[in-house]
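Residues per chain are reported as follows:
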Amino acid sequence: MEIWINPACSKCRGAIELLDAEGASYTVRRYLEDVPSEDEIRTVLERLGLEPWDITRTQEADAKELGLKEWPREAGSRDRWIAALAAHPKLIQRPIITAEDGTAVVGRTEEAVRDALSR
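Throughout what follows, the structure given in this document is the object of discussion. Given the structure is predicted, the values throughout are model-derived calculations rather than measurements.

What counts as what
Residues numbered from 1 in each chain as written. Predicted model: local features only at pLDDT ≥ 70, side-chain atom pairs only at ≥ 80, totals over all residues. Heavy atoms only, no water. Helix = DSSP H or I, 4+ residues; strand = E, 2+ residues; numbered from the N terminus. Contact = heavy atoms within 4.5 Å. Pairing = 2+ DSSP bridges. Axes fitted to C-alpha atoms, helices over the stretch in contact; angles between N-to-C directions. Parallel < 35°, antiparallel > 145°, perpendicular 65-115°, else oblique. Left-handed = near helix turned anticlockwise from the far one by under 90°. Buried < 20%, exposed > 50% of the residue type's maximum accessible area, 1.4 Å probe, protein only. Arc of directions from axis to C-beta.

### With respect to the environment of Arg114
Stage number 1. As for its placement among the helices and strands, Arg114 is situated in helix α5 (residues 110–118).
Stage number 2. With 30 residues separating them in the primary sequence, Arg114 and Ala84 have C-alpha atoms 30 Å apart.
Stage number 3. Excluding its chain neighbours within four sequence positions, the residues that come into contact with Arg114 are Leu18 and Glu22.

Dropping the structure here:
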């Protein structure tokens with residue numbers, strides 16, 4: 001199990017606390033420092049069953065500067081969104097937890113973190 005976190009994020013700290021309380025074995029990836037490649041983002045999206053715009057923090061300054069809210073949310077724009085996430089990792093929703101069964105969840109709630117633990 002791996003968890004992508006920003007240590008400054010309260011949701012990330014909460015997810016780590018819950019994983020620790022449950023005795024889970026996991027690896028921490030500080031994704032702002034260890035930036036995921038476009039291929040890694042594609043893999044996580046596949047594991048999540050989501051599209052890149054589904055995990056994009058559109059209220060961030062970088063998102064506003066890029067005009068992401070106006071970008072098409074369609075298959076033909078997918079690579080553009082993924083490239084933006086790789087170039088601006090702060091835009092990636094967090095925390096993302098990759099589960100043992102090959103799936104992943106965006107662990108913003110206790111229920112989502114527990115879901116990842118149960119897989």
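### Things to note about the sheet that holds strand β2 (residues 27–30)
Stage number 1. Strand order in the open sheet made by the 4 strands is β2-β1-β3-β4, with mixed pairing throughout. Sheet topology places β2 and β4 (104–106) at the edges, where each strand pairs with a single neighbour. Strand-to-strand twist of the sheet, defined as the mean angle between neighbouring strand axes without regard to direction, takes the value 20°.
Stage number 2. Here 3 bridges tie strand β1 (residues 2–5) to strand β3 (residues 96–98), and the two strands are oriented antiparallel to one another. Residue pairing in the sheet places Glu2 in a bridge with Thr98 of β3.
Stage number 3. Here helix α2 (residues 38–48) sits on the sheet in contact with β1, β2, β3 and β4, set at roughly 90° to β4.
Stage number 4. Taken strand by strand, α5 contacts β3 and β4, and its axis lies near 170° from that of β4.

### Quick look at the packing of helix α1 (residues 10–21) against α5
In a packed pair of helices, the relevant descriptors are the angle between the two axes and the axis-to-axis distance.
Stage number 1. Two elements in contact, α1 and α5, have axes separated by 10 Å at closest approach and are oriented at 45°. The pairing of α1 with α5 is recorded here as oblique in orientation. In this structure, α1 meets α5 at a crossing whose hand is right-handed. Contacts between α1 and α5 pair Ala15, Leu18 and Leu19 from the former with Glu110, Val113, Arg114 and Leu117 from the latter.

### Re α5
Stage number 1. Turning to α5, its buried residues number three or more, namely Ala112, Val113 and Ala116. An end-on view of α5 places all buried positions within 100° of arc, on one side of the element. For α5, the exposed residues lying more than 90 degrees away from the buried face are Glu111 and Ser118.
Stage number 2. Residues of α5 that are buried in the fold lie against α1, β3 and β4.

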